[in-house]
Amino acid sequence: MVEVRWVNDRLMVIKLIVGGMTLNVIIAYALQAGLDNEVKRGFWEPLSEVVRGTLPTEKLFIEGDFNGRIESSVGVYGEVHGGFDFGDRNGGGTSLLDFARAFELVIANSIFRRGRSI
């Protein structure tokens, strides 16, 4: 482990060297639905800055609870969405899909089929 950095109370970055490769792991917890857009922007803007600050030669993984449903319908998000999820898309899910598209990321848990929790 090279670095552990708290960006704010919702974002943390852990930098690791694994097999000679630099790996950045971002841990994120998005704001809940129902808050106004200005408050939500306070989450997405710092996350964007952290992603922009990652060197192109380094690997990036973002793990988090984005408090959004992306729906199983891929729609216009085919490059970032694998087609699996539950529920109807909501504003938080749309924000996540737009973010992934803007930074050419993939939402990994939409790539694999999983069972419903009871």
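Residues numbered from 1 in each chain as written. Predicted model: local features only at pLDDT ≥ 70, side-chain atom pairs only at ≥ 80, totals over all residues. Heavy atoms only, no water.

**Some remarks on a nonpolar patch on the surface**
Next up, step 1: Together, Met1, Val4 and Trp6 give the surface a local cluster of nonpolar side chains, amounting to about 400 Å² of exposed area.
Next up, step 2: With respect to the helices, strands and loops of the structure, Val4 is situated in strand 1 (residues 3-8). (Patch = residues over 30% accessible without salt bridge, like charges linked within 9 Å, V, L, I, M, F, W, Y side chains within 5 Å. Areas by Shrake-Rupley, 256 points an atom, 1.4 Å probe, with all protein chains shown as cover. Salt bridge = Lys/Arg side-chain N within 4 Å of Asp/Glu carboxyl O. Helix = DSSP H or I, 4+ residues; strand = E, 2+ residues; numbered from the N terminus.)

**Structural notes on the sheet that holds strand 1**
Next up, step 1: Strand order in this open sheet of four strands is 1-2-3-4, and the pairing throughout is mixed. Of all the strands in the sheet, just strand 1 and strand 4 (59-65) have a single pairing partner and so form its edges. Pairs of neighbouring strands in the sheet enclose a mean axial angle of 20°, with direction left out of account.
Next up, step 2: Sheet topology places strand 3 (residues 21-29) next to strand 4; seven bridges connect them, and they run parallel. Bridge pairing links Asn24 to Leu60 in strand 4. (Pairing = 2+ DSSP bridges. Axes fitted to C-alpha atoms, helices over the stretch in contact; angles between N-to-C directions.)

**Section: the side chain of Thr54**
Next up, step 1: Inspection of the secondary structure assignment puts Thr54 in the loop between helix 1 (37-52) and strand 4.
Next up, step 2: Reaching out from Thr54, the side chain makes a polar contact with the backbone oxygen of Val50 at a distance of 3.2 Å.
Next up, step 3: Not counting the four nearest positions on each side in its chain, Thr54 is found in contact with Asn24 and Leu60. (Polar contact = N/O pair within 3.5 Å; in protein donor to acceptor, adjacent residues only side chain to side chain. Contact = heavy atoms within 4.5 Å.)

**Let's talk about the packing of aromatic side chains**
Next up, step 1: Evaluated as defined, the whole model comprises three aromatic pairs.
Next up, step 2: Consider the rings of Trp44 and Phe99, whose centres lie 5.3 Å apart with planes at 45°: the pair is tilted. With a gap of 55 residues between them, Trp44 in helix 1 and Phe99 in helix 2 (residues 91-102) connect regions that are remote in the sequence.
Next up, step 3: On the basis of relative accessible area, Trp44 is assigned to the buried category, the value being 16%.
Next up, step 4: A residue is classified by how much of its surface remains accessible, and Phe99, at 8% relative accessible area, is buried.
Next up, step 5: Geometrically, the ring pair formed by Phe99 and Phe103 is tilted, given 4.9 Å between the ring centres and 50° between the ring planes.
Next up, step 6: Using a relative accessible area of 23% as the deciding quantity, one classes Phe103 as partly exposed.
Next up, step 7: Among the aromatic residues, ring-to-ring pairing joins Phe43, Trp44, Phe99 and Phe103 into one connected group. (Phe/Tyr/Trp six-rings, centres within 6.5 Å; stacked < 30°, edge-to-face > 60°. Buried < 20%, exposed > 50% of the residue type's maximum accessible area, 1.4 Å probe, protein only.)

**Overview of the side chain of Thr22**
Next up, step 1: Inspection of the secondary structure assignment puts Thr22 in strand 3.
Next up, step 2: In this view, Thr22 contacts Lys15, Leu16, Ile17, Glu58 and Lys59; residues no more than four positions away in its chain are not counted.

**As for the nonpolar core**
Here is a general trend for soluble globular proteins: nonpolar side chains tend to be buried in one another's company.
Next up, step 1: Core analysis: the largest hydrophobic core is formed by 19 residues, its most contacted members being Leu11, Ile26, Phe43, Trp44, Leu47, Phe66 and Phe99.
Next up, step 2: For this core, the secondary structure elements donating two or more residues are strand 2 (11-18), strand 3, helix 1 and helix 2.
Next up, step 3: It is helix 1 that contributes the most residues to this core, five residues altogether.
Next up, step 4: If we ignore the near neighbours within four places in the chain, the residues touching Trp44 are Phe66, Ser95, Leu96 and Phe99. (Core = buried A, V, L, I, M, F, W, Y, C linked by side-chain atoms within 4.5 Å.)

Remember, this is a structural readout, not a statement about activity or role.
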